[in-house]
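# Residue-level structural notes
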Amino acid sequence: MTSFIDLNLYPDSPVSETADVTTALTLTVPKLEPKEEPFDELPQSHNNLHTNPNLNYTNPNLNFTLNTQPDASHEHVNETDVYSEFNRISKMFQTAFSGKAEKFDDNRFIDPDSRAIVPVPEENLHTAVADSSRRKNQQRSGELVRVTNLGFEDERYFRHVVRKTRMMYDSLRVLVNMEDEKRKNSHVFGRSRSARGDLRAATVMKERGLWLNRDKRIVGAIPGVYVGDIFFFRMEICVVGMHGLPQAGIDYLTSSQSSNGDPIATSIIVSGGYEDDQDAGDVIIYTGHGGQDKYSRQANHQRLEGGNLAMERSMHYGIEVRVVRGFRYEGSPSGKVYVYDGLYKVVDSWLETGKSGFGVIKFKLIRMDNQPEMGSAILKYAESFRKGSLQSMPRGYASMDISMKKENMPVFLFNDIDDNHEPTFYEYLATSVFPPFVYHHGGNGNNGGCNCVGGCTDGCFCAKRNGGEFAYDQSGLLVRGKPLIFECGPHCRCPPHCRNRVSQNGVKNRFEVFRSKETGWGVRSLDLIQAGSFICEYTGVILTREQAQLFSMNGDSLIYPNRFGERWAEWGDLSQIFSDYERPSYPSVPPLDFAMDVSRMRNVACYMSHSVCPNVLVQLVLYDHSNIAFPHLMLFAMENIPPMRELSLDYGEADEWTGKLSICN
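Residues numbered from 1 in each chain as written. Predicted model: local features only at pLDDT ≥ 70, side-chain atom pairs only at ≥ 80, totals over all residues. Heavy atoms only, no water.

This part covers the overall build of the chain. The secondary structure content of the chain amounts to 11 helices and 27 strands. Out of the 665 residues in the chain, the part that is buried amounts to 58%. Once local pairs closer than 6 in sequence are excluded, the contacts in the chain between residues at least 24 apart make up 74%. Roughly 27,700 Å² of accessible area belongs to the chain as shown, and the carbon and sulfur atoms make up 49% of that amount. (Helix = DSSP H or I, 4+ residues; strand = E, 2+ residues; numbered from the N terminus. Buried < 20%, exposed > 50% of the residue type's maximum accessible area, 1.4 Å probe, protein only. Contact = heavy atoms within 4.5 Å. Areas by Shrake-Rupley, 256 points an atom, 1.4 Å probe, with all protein chains shown as cover.)

Have a look at this one:
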C-alpha cells in the first residue's frame, strides 16, 4: 500500500476555481446524465434485454437448476436490476451538491464523514480486495484504496480470484445462451424473448454477491487484472470491478461519498461515443459527459459536474484513472471488444466549442510510464499482421509454417534472440499416433453412430453417449469440462460442421512458436482466442507403460498425460451459483496409463510452458475409436487470450513412475 493525499485535508472544495466555466454554460441547462457509451450489440438472435421471469432453465443432466427468479433469501431483484448501479448513480447526480446524505435503494445511508481515501493494512490485503465477493447484494463502498508492491504469491492469488470469477461468468453466460437456444427450438414458450446471457450471468452473480471489489473502491490497477486483458461484454468489466457502471463512460466516487464534497474519477471507457474524442494511444483527448440527445448527438452545452467534475478533481489531486478501450471487432460475440490499456493521468482540462457548436469539456490524459504495451495496440498489430497490411515483416521469423500445411492455419516460428531453429528439425504431427490395437478395442469404430444427417440434435445417439447433453454450444464453445467427451466419429452420418465435431476439425487460429529467455520456447496466438474455444491437440506417439519405461531409459522426451492437472473441472464449475451443483463424473475414466513420445514427432502444443495458473486446459476426447484408456488430449482456452500472450498448461507433478516431470521446454 502507498499513502495518498488525504482529501480530508482540503475542507473547502476548490470547485470555485472553475466557477467561470460552469457559469458560462448556464444559459442552457441540459438534463444531467452520465456519459453513455454505445451498448453491446449482439447477433439478431440475442438482441433482447429481458428474459421471461417465469422461466426455469432445468437440465437434469447438469445437476442444477437455473432459476431466473431471485432467490428467496435475497432482496427482490427485477430483471432491470442489472442496471441498479446506473440508476443509483443517476440519483446521486441530482443531489450531488445538496450536502445531504444520499439514500440508496436498499434504505442504507452513506456516511458523509467517511474518509475518501484510506490505506489498507498489509495483513488485511486479501480480505479488503478479494473477499468483497462474500457479501450479498453489497453496495459500492466510498473508501478509495490503492494496492501496490504486491509479492509474487499475492499477484498469483489475485490473478486466481479474477480468473475464477471470469470463468464463472463465461460458463454461466454460455449456459444461459445454450438453454435459451434449446427453449426456442422446443417451441414450448412460443415467441418469447431471447435471453441476454451476458446480462443474466451478471445479474445472477450480483444476486449471490460474487461481483469483485465492491467493499473498496480501488484507485489505480486492479489486483489480478493485467494490462492487455480483453473483455467481450461491458457487464464482465463491472463484475471484476474494473468499471462499476454498465453504460456510463466515467466511473467515479460521488461527492456525497467524499467528506469534502469532491468527486474522484477512477476509470473511463474510451469507445468513440462522443464526436469530439481524440485517441492517439498514449495521449487521449476525452470529451466529458452530458448534452447529448437520444440519438447520441450533441444538443446542449456540457457542465462541470458529476463525472466531469470528478475528472477535473482527479487532475487536481494527481490521481490516476484506469482506461478501457472499446471498439468493434470481427468475431466477437458482442460485436465489440474491451481492452484494459493501463493507467493514465489527467493533465489538463478546458472548455471549447465542439463540432456541433455546443460547449464541451475536454480532458487531456497521458499514459503513465513503465507499463506493459497497450493491449489495444497489440490487438491492432496482430490484425494487421493477419491481413498482411504491415509495411514490413518483423525481423526474426525463421519459418512461416513449421507444420508444412498439415494444420488448417500456419504455425510460425519466431526467434529474434539467437540462431536456434530447433522446432524445424522435428516432423510435425497434427494428431496423435495410437497403437493399432487401440482401434480394435470396443468393436466397430464408435460402436455405430448417429443418424443425424443434418447435424446432431438433442436426444440423438451421440448426445446420449455424453450423458444426454452435448459438451459444446452452437458456437463450438466448451460448456463445461467433463472426464471425457464423445465427439461424433467416422460411423456417424452427421456432416463435418456438426456441433459435436469440434476438436477433430483442427486448429482455427494462427499460432507462433517463439524463442523465450524465460522458458526456452513458448507459444502465442496471432488471433484473439475466446474463453472455451478449442486450441489444438497435444500430439505425440502413444506408448504403453512398458514401452515408456524402455524409451525413458534412452533419454527420449516423454509426456505423461496422467500428470496433467485436472483443470477441466474448473471450466463450468458453478458451485458458487447453485448449491446442488455436482462436479461431472460421467463417464468414469480409468487412470491414464500411457506416455507420449515427442522426441521425433510433435506439434505446436509441445512448446507450451508450464504454469500453476494456466490459461489452457486439457480435455480428454474420443472420436476415431472407442478405447477410453487412450483418449486424445485436446486443449481449450480457460480465459479470453489476447494476441501475443503466451499460452500455458498445468503439466502437474512428478510421481513414482515418471521420476521427474518431463516438459519439452
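Spatially, β20-β22-β21 is the arrangement adopted by the three strands of the open sheet, whose pairing is antiparallel. This sheet does not close on itself; its edge strands, each paired only once, are β20 (541-544) and β21 (558-559). As judged from the four bridges shared by β20 and strand β22 (residues 594-597), these two strands associate in the antiparallel manner. Bridged to L543 within β22 is A595. (Pairing = 2+ DSSP bridges.)

This part takes up the layout of surface pockets. Looking at the largest pocket, its volume works out to about 1,200 Å³. If you trace the largest pocket, you find 48 residues lining it, with G331, S475, G476, L477 and Q530 closest to the centre. For the lining of the largest pocket, the secondary structure elements donating two or more residues are α4 (152-186), α5 (197-207) and α8 (375-387). In terms of residue count, α4 provides more of the lining of the largest pocket than any other element does, seven residues in total. Residues that form the lining of the largest pocket fall into these classes: 16 nonpolar, 17 polar and 15 charged. R159, Y226, N615, R645 and E646 are the residues nearest the centre of the second largest pocket, which is lined by 34 residues in total. Put simply, the parts of the chain that give the lining of the second largest pocket at least two residues each are α4, α8, β17 (511-516) and β24 (609-610). Of the residues forming the lining of the second largest pocket, the biggest block, five residues, is contributed by α4. Taken together, the residues of the lining of the second largest pocket sort by class into 15 nonpolar, nine polar and 10 charged. (1 Å grid on protein atoms, 1.4 Å probe; cavity = no way out; pocket = protein on both sides within 12 Å on 5 of 7 lines; lining within 4 Å. Points joined across faces, edges and corners; volume = space filled by probe spheres on them. Nonpolar A, V, L, I, M, F, W, Y, C, P; charged D, E, K, R; others polar.)

Turning next to empty space enclosed by the protein. Where empty space is left can be seen by rolling a probe of water-molecule size over the atoms. With the rule as written, the count across this model stands at 10 cavities of 30 Å³ or more. Space inside the largest cavity adds up to approximately 100 Å³. Along its surface, the largest cavity is lined by 16 residues, and R140, N213, R217, G241 and G244 are the ones closest to its centre.

Bringing the pattern of salt bridges into the picture now. All chains considered together, the criterion is met by 27 salt bridges. Among the salt bridges present, the one from R325 reaches D279, with a minimum N-O distance of 2.7 Å. Remark: D279 occurs in strand β8 (residues 278-279) and R325 occurs in strand β10 (residues 321-328); sequence separation between them is 46 residues. Residue R325 is classed as buried on the basis of its relative accessible area of 4%. Taking the shortest distance from any N to any O, the salt bridge between K362 and E352 comes out at 2.7 Å. Here E352 lies in strand β11 (residues 336-353) and K362 lies in strand β12 (residues 359-367), a separation of 10 residues in the sequence. Classification of K362 as buried rests on a relative accessible area of 3%. Connected through shared salt-bridge partners, R159, D229, E639 and R645 make up one network. (Salt bridge = Lys/Arg side-chain N within 4 Å of Asp/Glu carboxyl O.)

On to α5, then. Among the 11 residues that make up α5, 11 are buried, leaving the element largely enclosed by the rest of the structure. Regarding α5, the residues found buried are G197, D198, L199, R200, A201, A202, T203, V204, M205, K206 and E207. Immediately beyond the C-terminal end of α5, within one or two residues, lies G209, with a positive phi of roughly 70°.

Its place among the elements puts R173 in helix α4. The residues touching R173, leaving out its near neighbours within four places in the chain, are G197, D198, A201, F233 and Q530.

Omega for the bond connecting Y586 with P587 falls within 30 degrees of zero, at -5°, which places this linkage in the cis form. Locating P587 in the fold gives a position in the loop between β21 and β22. Look at K405: it is not a glycine, yet its phi comes out positive at around 65°. By the secondary structure assignment, K405 is in the loop between β13 (397-399) and β14 (411-414). Judged by its relative accessible area of 75%, K405 is exposed. Located in the positive-phi region is M644, a residue other than glycine, with phi close to 70°. By the element assignment, M644 lies in the loop between β26 (632-637) and β27 (648-649). With a relative accessible area of 23%, M644 lands in the partly exposed category.

Turning our eyes to something else, we now look at the sheet that holds strand β16 (residues 485-486). If you trace the four strands from one edge of the open sheet to the other, you get β16-β25-β26-β19, paired in mixed fashion. At either end of the open sheet lies a strand with only one pairing partner, and these are β16 and β19 (534-537). Relative to β26, β19 runs antiparallel, the two sharing three bridges. Its bridge partner being in β26, E537 is matched across the sheet by M634.

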